[in-house]
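Close look at the chain arrangement
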Amino acid sequence: MTIPYPYLPAGRSIEYVRLENPWMAAARDFAKENNTIRHVGAAVIVKDGAIIGRGSIGAGPHTNGCEREKHNVPTGTGYELCAGCGYENHSEASAIRNAKESGADTKGADLYLWGHWWCCEPCWSTMIDAGIKSVYLLEGSEKLFNKSDPDNVIGHQFE
């Protein structure tokens, strides 16, 4: 099956893992513990068998909710409407920043992303610049976390 991602850079791919994968489970747990908005997401960066960075889009500037959600803005658009949704606050960028702030080298690391079914262009650029080797999403995420799919789990993804 080919998934029609809104964006995927040339030469890059997305891998899929089940929730039983310990790194995906760690991303899910981090999302559950660190989000304040309905469409939650989190990333963990793994290198040499250890988590070296964590990031979540729902923490921080979303203390009063998400303006994009309040106005039902389509996925991948309107990031300028909400400070917490700005590219620099996406899960991928937050995890990379967290890793670098702790002195970790992200070159050759893997990123596991919970709560998304694709990565936007600025996040891909940030991951490529940071030397992220592989990006992993949850198996079935193209339906589970896609707002336009009638079977999505957004809003009840931890049940």
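This section reports on the structure supplied with the text. Residue indices begin from 1 for each chain and proceed along its sequence in written order. With pLDDT at 70 or above as the cut-off, local features in this predicted model cover only qualifying residues; side-chain atom pairs require 80 or more to be listed or tallied, and sums for whole chains, interfaces and linings still use all residues. Side-chain calculation: all heavy atoms of the structure are included, whereas hydrogens and water are not.

1. Quick word on the packing of aromatic side chains
- For Phe, Tyr and Trp, rings pair up if their centres lie within 6.5 Å, where Trp contributes its six-membered ring, and each pair is then called stacked (planes under 30 degrees apart), edge-to-face (over 60) or tilted (otherwise). Within this structure, the stated rule accounts for four aromatic pairs.
- When the centroid spacing of 5.0 Å and the interplanar angle of 70° are considered together, the rings of W114 and F145 count as edge-to-face. Pair noted here: W114 is in strand β4 (residues 110–114) and F145 is in the segment after α5 (141–144), with a separation of 31 residues, a long-range link.
- Measuring from centroid to centroid gives 6.4 Å for W117 and W118, while their planes differ by 65°, and the two rings are edge-to-face. A single burial state applies to W117 and to W118, both of which are buried.
- The rings of W114, F145 and F158 are connected pair by pair, giving a single aromatic cluster. What counts as a helix is a DSSP run of H or I of at least four residues, what counts as a strand is a run of E of at least two, and both are numbered from the N terminus. Each residue is placed in one exposure class: buried if its accessible area under a 1.4 Å probe, protein chains only, is under 20% of its type's maximum, exposed if it is over 50%, and partly exposed if it falls in between.

2. Digging into the pattern of salt bridges
- Just to be clear on terms, a salt bridge is a Lys or Arg side-chain nitrogen sitting within 4 Å of an Asp or Glu carboxyl oxygen. All chains considered together, the criterion is met by four salt bridges.
- The partner of E20 in a salt bridge is R18, and the shortest N-O contact between them spans 3.2 Å.
- For D105, the salt bridge goes to K47, with nearest N and O atoms at 3.6 Å. Of this pair, D105 sits in the loop between α3 (91–101) and β4 while K47 is found in strand β2 (residues 42–47), placing the two residues 58 residues apart along the sequence.
- Residues joined in a network through salt bridges with shared partners are R18, E20 and E139.

3. A look at the environment of A43
- Looking at the secondary structure, you find A43 in strand β2.
- The exposure class of A43 is buried, given its relative accessible area of 0%.
- Measuring from C-alpha to C-alpha, the distance between A43 and F30 comes to 7.9 Å, with 13 residues separating the pair along the chain.
- Whether two residues are in contact is decided by their heavy atoms, any of which lying within 4.5 Å being enough. If sequence neighbours within four positions are ignored, A43 has contacts with G53, R54, G55, S91, E92, A95, L111, Y112 and L113.

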